[in-house]
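What the coordinates show
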Amino acid sequence: SQKIEQNSEALNIQEGKTATLTCNYTNYSPAYLQWYRQDPGRGPVFLLLIRENEKEKRKERLKVTFDTTLKQSLFHITASQPADSATYLCALDGGTGANNLFFGTGTRLTVIP
Amino acid sequence: DTGVSQDPRHKITKRGQNVTFRCDPISEHNRLYWYRQTLGQGPEFLTYFQNEAQLEKSRLLSDRFSAERPKGSFSTLEIQRTEQGDSAMYLCASSLNRGEYGYTFGSGTRLTVV
């Protein structure tokens with residue numbers, strides 16, 4: 001069956017450190033993978049997209065890697081801040097002909113001042 | 001355009017009643033999606049529209065659920081004969097084409113069935 005697993009339900013790190021979140025998937029062949037941030041009671045907010053032929057993508061303090069052989073994406077937040085505390089969701093499309101995103105369960109990140 | 005709007009933000013209803021939610025997407029986006037999210041889970045796909053055509057429905061969408069997007073603008077999601085298991089956050093999103101630039105989500109409608 002198809003699965004998207006994010007490494008842990010919750011991750012606590014000290015302010016200033018790098019947070020690394022993992023997304024593993026099985027039985028998908030996505031054309032791209034996306035990361036979203038979700039705050040309590042709000043809808044997800046798009047952060048980054050990485051395509052299957054890209055290894056790495058950066059945006060300010062964010063970095064995403066995508067390994068289609070391992071079927072894994074890593075999401076890094078460098079110089080983390082308390083304002084980065086939120087749930088982070090990975091999402092991938094279902095491959096050729098697919099018309100929607102499939103989401104993981106998310107990782108709740110808490111950055112401790 | 002201030003993003004995707006959903007109305008109402010919260011809805012409490014008695015079991016067996018019908019409810020209807022509205023979504024106003026970003027006007028330039030041709031695709032509109034409905035997702036459902038329960039506590040501790042990621043959003044689950046329900047259905048999507050390209051312009052006014054409903055092109056895909058998840059098997060999660062029982063026959064008590066119906067969605068429309070008249071004239072390819074706003075969309076409504078109706079749940080008939082609500083059940084307690086319908087309690088969830090209902091999220092609407094829109095995108096340009098397949099979403100290669102991401103989906104834009106609304107803030108959702110929190111449904112509680114008592």
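So, here is what we can say about the structure in this document. All figures in this text were calculated on a predicted structure; none of them were measured in a lab. (Residues numbered from 1 in each chain as written. Chains lettered and ligands numbered in written order. Predicted model: local features only at pLDDT ≥ 70, side-chain atom pairs only at ≥ 80, totals over all residues. Heavy atoms only, no water.)

**Things to note about the overall build of chain A**
Each helix and strand counted, chain A has zero helices and eleven strands in total. What you see in chain A, going N to C, is helices and strands ordered as β-β-β-β-β-β-β-β-β-β-β. Over its C-alpha trace chain A gives a radius of gyration of 14 Å, about what one expects of a compact globule, namely 13 Å for 113 residues. With respect to the principal axes defined by its C-alpha atoms, chain A has extents near 45 × 30 × 20 Å. Relative to its 113 residues, chain A shows a buried fraction of 46%. Entry remark: accessible area of chain A is about 5,500 Å², with carbon and sulfur atoms responsible for 47%. Of the charged side chains in chain A, 13 are positive and 11 negative, and the gap between their average positions amounts to 1 Å. (Helix = DSSP H or I, 4+ residues; strand = E, 2+ residues; numbered from the N terminus. Rg over C-alpha atoms; globule rule 2.2 N^0.38 Å. Buried < 20%, exposed > 50% of the residue type's maximum accessible area, 1.4 Å probe, protein only. Areas by Shrake-Rupley, 256 points an atom, 1.4 Å probe, with all protein chains shown as cover. Lys, Arg positive; Asp, Glu negative; His and termini not counted. Charge placed at Lys NZ, Arg CZ, Asp CG, Glu CD.)

**A few points about the environment of A:Ala79**
All names here are of chain A. Within the element layout of this structure, Ala79 appears in the loop between β8 (72–77) and β9 (86–93). Among the residues examined, Ala79 registers a relative accessible area of 40% and is labelled partly exposed. When the C-alpha positions of Ala79 and Glu15 are compared, they lie 7.1 Å apart, and in sequence the two are 64 residues distant. Once residues within four sequence positions are removed from consideration, Ala79 is found in contact with Gly16, Lys17, Thr18 and Arg61. (Contact = heavy atoms within 4.5 Å.)

**Some remarks on the pairing of strand β11 (residues 107–112) of chain A**
Residues and elements named next belong to chain A. Burial of β11 is one-sided: the residues Thr107, Leu109 and Val111 facing one way are buried, the residues Arg108, Thr110 and Ile112 facing the other way are not. With five bridges connecting them, strand β2 (residues 10–14) and β11 associate as parallel partners. Directly across from Leu11, in β11, lies its bridge partner Leu109. Bridging between β9 and β11 involves three bridges; their strand directions are antiparallel. (Pairing = 2+ DSSP bridges.)

**As for the pattern of salt bridges**
All names here are of chain A. Taken as a whole and judged by the stated rule, the model has seven salt bridges over all chains. Here Asp39 makes a salt bridge to Arg37, at a shortest N to O gap of 3.1 Å. A residue is classified by how much of its surface remains accessible, and Arg37, at 18% relative accessible area, is buried. A salt bridge links Glu54 to Lys57; the nearest nitrogen and oxygen atoms lie 3.7 Å apart. (Salt bridge = Lys/Arg side-chain N within 4 Å of Asp/Glu carboxyl O.)

**So, the side chain of B:Ser107**
Among the secondary structure elements, B:Ser107 is positioned in the loop between β10 (104–105) and β11 (109–113). In this structure the side chain of B:Ser107 is engaged in a polar contact, spanning 3.4 Å, whose partner is the side chain of A:Arg42. Discounting chain neighbours no more than four positions away, the residues touching B:Ser107 are A:Gly41, A:Arg42, A:Gly43, B:Gln6, B:Arg9, B:Met89 and B:Leu91. (Polar contact = N/O pair within 3.5 Å; in protein donor to acceptor, adjacent residues only side chain to side chain.)

**Quick notes on the state of the cysteines**
Residues and elements named next belong to chain A. Under the counting rule described, the total for this entry stands at two disulfides over all chains. The disulfide bridge from Cys23 ends at Cys90, spanning 2.0 Å between sulfur atoms. Here the disulfide of Cys23 and Cys90 is right-handed, its torsion about the S-S bond being about 55°. Highlighted residues: Cys23 in strand β3 (residues 19–26) and Cys90 in strand β9, separated in sequence by 67 residues. Assigned by exposure class, Cys23 and Cys90 land together as buried. (Disulfide = S-S within 2.5 Å.)

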